[in-house]
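The chain contents come next:
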Amino acid sequence: MANFKFDVDADGIALITWDMPGRSMNVIDMDVIEELAGLVEKVATGATIKGAVITSAKDAFCGGADLTMLERMGAIYADLVKNKGGEAAALYVFEESRKLSLLYRRIETGGKPWVCALNGTAMGGGFELALACHQRIAADNPKTRLGLPEIKIGLFPGAGGTQRIARMLPPADALQYLLKGDQLKLDRAKAMKLIDAVVPAADLVKAGKDWIKAGGKAVKPWDEKGFKLPGGPVYSKAGMMVFPPANAIYRRETYDNYPAARAILQTVYEGLQVDMDTALRVESRWFAKILRSPEAASMIRTLFVSMQELNKGARRPAAEPATSLKKIGVIGAGFMGAGIAQVSAAAGLQVVLIDRDQETADKGKAALHKALSDRVAKGRMKSAERDGLLSLITPTPDYGALKDCDLVIEAVFEDRKVKAEVIAKIQAVIGDQAIFASNTSTLPITSLATEFKDQPRFIGIHFFSPVDRMMLVEIILGKNTGDRALAAALDYVRAIRKTPIVVNDSRGFYTSRVVGTYIREGHLMLCEGVPAAMIENVGRMAGMPVGPLSLNDEVAVDLAWKILKATEADLGAAAIDPRQKTLLEEMVEKRGRFGRKNGKGFYDYPASGPKKLWPGLADLQPKKLDPDTIDVQELKNRLLAMQALETARCFEEKVLTDVREADVGSILGFGFAPFSGGTLSYIDMMGSKKFVALCRALEAKYGARFAPCKLLIEMADKGESFYGRFAPAKKKEAA
Ligand code: NAD
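To start, this report covers the structure provided alongside it. (Residues numbered from 1 in each chain as written. Predicted model: local features only at pLDDT ≥ 70, side-chain atom pairs only at ≥ 80, totals over all residues. Heavy atoms only, no water.)

## Describing the environment of Lys612
Condition: Helix numbers and strand numbers start at the N terminus; a helix is a DSSP run of H or I with at least 4 residues, a strand a run of E with at least 2. Residue burial is assigned from relative accessible area. The probe radius is 1.4 Å, only protein chains are included, and a residue is buried under 20% of its type maximum, exposed over 50%, and partly exposed in between. Two residues qualify as a contact provided that any one of their heavy atoms is within 4.5 Å of a heavy atom in the partner residue.
You can see Lys612 is positioned in strand β19 (residues 612-613). For Lys612, a relative accessible area of 55% puts it in the exposed group. Taking the C-alpha atoms as reference points, Lys612 and Leu67, separated by 545 residues in sequence, lie 43 Å from one another. Excluding residues within four positions of it along the chain, Lys612 makes contact with Tyr603 and Asp604.

The structure is reproduced here in structure tokens:
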């Protein structure tokens, strides 16, 4: 056995210690399932074995299933469909994916008591193992989290999790836990009775053994006669208070875009009406169906596999030695600069925070103090942690303090002249190894770099707001940016635990460029006479986190106006849409509606109460369409296809060079319909032929902005997909 240690003590109690060699975290893979199955039989049939305690030798108990195993299963399924037909392929997935569920059921019904001694975090299949045990005892470890987060990658717990949770919690709580994929701290899990006891870490195994010695029962409540569901039967008054509204909530939250969420509702609803063994079979059937869904395959690929590969440095130039990062400089203590200082200090880096004068620099740090104190007040942070973080940040107007910084990031006003002045001041003081980065959101990196003496050391590091919450960082390579600067930027992003994508210089880079097309499509719909409320709803129905008009209010309407004017000035009148120009001019210049920041945008923001669409919008529409004549599906297609098409153009122009970055960047950067797996996965899911046909139909009706690019036409002709044609090379360290 490679993954477990098995010891039986003098009392006949087995201790199973999970400790996968060469890994920092235990995960469930085929070998683990096989070895554990052997142990489960040994315990069940061993005449002298009274019961078993299972624990882990790692910091955590288990991180969940090895998702690459599920990815492989997907590939075998696709092969089987081709070679043996759909039914045989579906049967294969059902039987393979069911193995873990049957194994856990054997633990539950083998006749010997099992205790899960949770020394640390248990996720997904790891927590499902705990749920299958007869007793769950946790070590008093503040870092422990217990969760079933499968829904976040388009799956659901398929090893009995849905059925056990729904028999342990009232159905409304069970559904919420499963549908949100929340991670519980121990006190919460204990209060919900998902764990039975919390003990000091040193007593953990002993507590487990003591429970068995004291006669711990090897039968679950639901396997005993007379078991009553915590919320009563499905077909009862109480049940009817839960299930019909749950359907409505599901639709409100997902617009029916997430097959896994729908399957959770069905599995729980159906499973609670039958005995446990049948219920587990129901769960397995749904699980096998969801595992075969294109949504799950795309979400696993983008939100797990690719994200992990990017986080581990898939794009890092391998020859560059690791960057030593101790001290960084941040210029501009405004909204973004303060956020960058915060996340850097949180990673243990010393930060010099510079602004025009001491007072402004201090103001930036004071804003952080306030934001962090709010967190302390809410119990989300310890005051010592806040103070420790802030002590690493030194606000000053003195550029001399940048002398020994390894990396300097500027986040001053978005004004070429101001940036040029600041760059000159910085380069006069920093060392000749230090890397210089700009957080500009619109100015081309290549042209900014000409202000800097040593262009290979100049790079773009584009953060998203709010910096502490947004997980993506877009790294922009100027024409002359060198590998050392790229390696340093990636090492920095890794240190602050964010996910990087690396793109080449372009107007709006990747994310702003694509999200700009989403906003523009919303503007144009408004100009065509589509009611504003419909545009907003359709945005969310398509899977975007907010409608295009809300989003524009958040990033500022005057910024959109500024960008449009700059684009027209640089590229000529043909590069912009005159209808959008008229709309933005009216909003910004004539009506002073800048967005949320001045309380007036596409929405009004009353001092109290929720925002409301500005009624004056109707006056800005040259004509109005009858909502009943509008094709909602077409509006949805426009909003998503426009972004996917612009991404394909970025790919063709080599602004993007890696399909993983396109997809991960689109979901993490601007929330592109996560169920699709990202902008390029959206095209792959539809198929390039169908996508090009869709673009052509939209082009005929709405104009050249929907014209498919050459690359897409070629791919459609050859029946190619992005992930087929541009399969990312797997690096060793990224595996
Ligand atoms: P901000 O106005 O909040 O902050 C800018 C700060 O720079 C101010 O504190 C100002 O005093 C300081 N500053 C101006 N001139 C200076 C000088 N000569 N020397 C030192 N400090 C100076 O702006 P922000 O929203 O933080 O944006 C900063 C940069 O980040 C811009 O380039 C912007 O395009 C980019 N950005 C912004 C966002 C966003 O959502 N706000 C997102 C990504 C990137």
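Following the structure, the description resumes.
## Some words on the site of the ligand
The condition that has to hold: Being near a molecule or strand, for a residue, comes down to having at least one heavy atom within 4 Å of it. Think of a polar contact as two N or O atoms within 3.5 Å of one another; within protein, one of them needs to be a possible hydrogen donor and the other a possible acceptor, and neighboring residues in sequence only count if both atoms come from side chains. Here the open area of atoms and residues is found with the Shrake-Rupley method and a 1.4 Å probe, where only the protein chains shown may cover a residue.
Taken together, 22 residues lie near the ligand, and Met336, Asp355, Glu414, Lys419 and Ser441 sit nearest. A distance of 3.3 Å separates an oxygen atom of the ligand from a polar atom in the backbone of Gly334. Contact distances for the ligand include 2.6 Å between an oxygen atom and a side-chain N or O atom of Lys419. Alone, the ligand offers 820 Å² of accessible surface; in the complex the protein occludes 81% of this. Mapped by element, the contributors of at least two residues to the shell around the ligand are α13 (335-346), α16 (416-429) and β15 (458-463).

## Looking at unusual backbone geometry
Note that the residue after Ser465, namely Pro466, is joined by a cis bond; omega there is -5 degrees. Locating Pro466 in the fold gives a position in the loop between β15 and β16 (472-477). Even without being a glycine, Tyr255 presents a positive backbone phi close to 50 degrees. Relative to the assigned elements, Tyr255 resides in the loop between α9 (237-254) and α10 (259-271). Judged by relative accessible area, Tyr255 falls into the partly exposed class, the value being 29%. You will see that Phe509, though not glycine, has its phi angle at about 55 degrees, which is positive. Turning to its location among the elements, Phe509 is positioned in the loop between β17 (499-504) and α19 (511-528).

## Let's talk about helix α15 (residues 383-391)
Because each turn of an α-helix spans 3.6 residues, side chains separated by three or four positions end up pointing in the same direction. Short version of the rule: It is the directions from the helix axis to the C-beta atoms that the arc portrays.
Among all positions in α15, only Arg386, Leu389 and Leu390 are buried. The arc enclosing the buried residues of α15, seen along the axis, measures out at 95 degrees, which places them on a common side. In α15, the exposed positions angled more than 90 degrees off the buried face are occupied by Ala384 and Ser391. Looking at the buried positions of α15, the neighbouring elements they touch are α13, α14 (358-377) and β12 (393-396).

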